[in-house]
Amino acid sequence: KNAGEIDLEQSHSLESYYSGTVNECLSSGECLLKSSLICPSQPLEEAFTRLTGVVKTVNSSNMDLQQLRRFCTYGYGSYHMSLAHFENGSADTICHHSRRKIDEVQFPEMNDRPLILLPAFGHHWPFGTGNWKTYSTGFLYNLSFCFWPATPHNVENATNISVWHEALSKPLYLESVMVSGGFFDNFWHAMLIYNSWCKYRMDPEIRFLVEPRSSAPSAHIFTWADALGISRERIIIHDRPVVARRVIGKPFQAVHIDWTCLHGVFDEKISKHSSSSPHALVYVRNHAGIDRDIPTTITNELAYMIRQHYPKMPVKLFTGSETFNETQHLFANAKIVIGPHGAGLANLVFCKIGTPVVEFITSSIFRPWQMFGGLTIDLPWWPVLLSSFDARAEILGAMEVIEAALNSSGFV
């Protein structure tokens, strides 16, 4: 057998348990009676942790204190703010990360009976409206059915086991699996999941479930898995039932971003990529219009101004079209990273500790997600609030913030 798979003798006994449980569910409909539950409450409560004493300073940049406080607390109260001090007319704000959060939950087999995992599509984003797409996993144990990490809105469709009749006859038996609790629908959301994979990359018994949105996962899943040393055989598309003795649940949490494991893994590689002539790195977004992107002409002007101010420091552009190794090299050698809010900033995991980041945001794109990730790996953050992403004077005027960020990092 391959690592992580259950041997043939065990498989026969599990097969009997699986078929008996599923048939009883199909015939009695009992599983559907508990379909609105989030499962299970006891392991969840035990997994809650409260982080205290984690203090990070966020630079005020061009925002007033009220704006900065709102920016840091955006995300449903994940950061509690307190005013720190005033120096030379500017104010810094300290973020106390103290909200309870779920790190991970382990569901071992109960009474020698494994869990049966079914894909259960639906919307379960509690704060949004419209088509925020994500997925839950249906946990079937005896005749109890519940969801991880949350209940889809369309429970009836998600729990209609009869629609899985054909797939139910072809389960996959595994020793240990990790359920990510989110879609790999874009690079940013994938980065929320890769760090949870990172922790278990050295355990060959663990397989990683990927939601079955398409016949094949996105290419970057394999690129990052390869970089983490996770073999492709350990990545399982969850398009059929999975019977597992041990399940690790990692919630999809946009406000609890953690890049520490990823940064630790790449730290040694980052040192190998070090260059004697660090550069300023400007992140370019040019595929979503002025609601999200800074026009190329303004980006080029800003790059020119940086070159004029710092003639000995090269300025390089990151467009997102680079290869994995090229991306790693660009961010590892960045003396400063500058750009608009966007998924490309997730590549900050390659930066050295202490690399300042100047992030452009607007009132409509007022999201501290990248900042939350950057603070976990000690990247000083300088958010710059713009009236719009095509506000040329404001963007070029951010040279003052860029200078302050470089000065604070010791750049001469």
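Just so it is clear, the structure is predicted and the values come from calculations on it, not from any experiment. Numbers given to residues run from 1 along each chain, matching the order in which its sequence is written. A pLDDT threshold of at least 70 governs which residues receive local features in this predicted model, and a stricter bar of 80 or more applies before side-chain atom pairs are shown or counted, although totals over entire chains, interfaces and linings include all residues. Side-chain descriptors were evaluated using all non-hydrogen atoms of the structure, hydrogens and water having been removed beforehand.

Draft legend 1. Focus on the pattern of salt bridges. Salt-bridge detection follows one rule: a side-chain nitrogen of Lys or Arg within 4 Å of a carboxyl oxygen of Asp or Glu. Tallied over the full model, the rule gives 5 salt bridges. A salt bridge links E175 to R245, with the shortest nitrogen-to-oxygen separation between them at 4.0 Å. Pair noted here: E175 is in strand β10 (residues 172-179) and R245 is in strand β13 (residues 242-249), with a separation of 70 residues, a long-range link. Residue R285 is joined to D293 by a salt bridge in which the shortest nitrogen-to-oxygen separation is 2.8 Å. The two residues R285 and D293 agree in class, both being buried. In DSSP terms, a helix is any run of H or I states spanning at least four residues, a strand is any run of E spanning at least two, and both are numbered starting from the N terminus. Exposure categories follow from relative accessible area, calculated using a 1.4 Å probe and restricted to protein chains: below 20% of the type maximum is buried, above 50% is exposed, and the middle band is partly exposed.

Draft legend 2. Broad picture of helix α3 (residues 65-73). Taken as a whole, α3 has its buried residues at L68, F71 and C72. End-on view of α3: buried residues confined to an arc of 95°, all on one side of the axis. An arc is given here, and it is the one of the directions from the helix axis to the C-beta atoms.

Draft legend 3. Expanded view of the pairing of strand β17 (residues 357-362). Among the 6 residues in β17, 6 count as buried, and that is most of the element. The side-chain alternation of β17 yields two buried faces, one formed by V357, E359 and I361 and the other by V358, F360 and T362. The sheet contact formed by strand β16 (residues 334-340) and β17 spans 4 bridges and is parallel. Bridge assignment links G339 to a residue of β17, and that residue is E359. Should DSSP find at least two bridges between two strands, the strands are regarded as paired. Note: β17 against strand β18 (residues 381-386), 6 bridges, orientation parallel. Paired with F360 across the strands is V384, a residue of β18. Crossover handedness is defined here as right-handed if the route from the first strand over the helix to the second strand goes clockwise, with the strands pointing away from the viewer. Handedness of the crossover joining β17 and β18 through helix α11 (residues 369-376) is recorded here as right-handed.

Draft legend 4. How the structure looks around the confidence of the model for the protein chain. Residues at a pLDDT of 70 or more form 64% of the protein chain, whose mean pLDDT is 75. Scored below 50 in pLDDT, residues 43-53 shows 27 contacts in the model against residues more than four places distant or in partner chains. Values of pLDDT, the confidence the predictor places in each residue, fall between 0 and 100. In this description, contact between two residues means that some pair of their heavy atoms is separated by no more than 4.5 Å.

Draft legend 5. Layout of the packing of aromatic side chains. Note on ring pairs: Phe, Tyr and Trp rings are taken, using the six-membered ring of Trp, and paired if centres are within 6.5 Å. Classes follow the plane angle, with under 30 degrees stacked, over 60 edge-to-face and the rest tilted. One pass over the full model with this rule turns up 15 aromatic pairs. Ring centres of W224 and F266 lie 5.8 Å apart, and the angle between their planes is 90°; on these two criteria the pair is classed as edge-to-face. Of this pair, W224 sits in helix α7 (residues 219-228) while F266 is found in helix α8 (residues 260-272), placing the two residues 42 residues apart along the sequence. For the residue pair W224 and F266, the accessibility class agrees, reading buried in each case. Between F318 and F331, the aromatic rings sit 5.0 Å apart at their centres with planes inclined by 80°, giving edge-to-face as the arrangement. Pair noted here: F318 is in strand β15 (residues 315-318) and F331 is in helix α10 (residues 324-332), with a separation of 13 residues, a long-range link. For the pair F318 and F331, a shared accessibility class is recorded, and that class is buried. Aromatic rings pair up to connect F187, Y194, W197, F208, W224, F266, F324 and F350 into one cluster.

Draft legend 6. Representation of the state of the cysteines. Here, two cysteine sulfur atoms that lie within 2.5 Å of each other are counted as a disulfide. Under the definition given, this model contains 1 disulfide. Note on cysteine connectivity: C198 is disulfide-linked to C261, with sulfurs 2.1 Å apart. Taking the sign of the torsion about the S-S bond as the criterion, the disulfide between C198 and C261, at about -75°, is left-handed. Of this pair, C198 sits in helix α6 (residues 187-199) while C261 sits in helix α8, and the two are 63 residues apart along the sequence.

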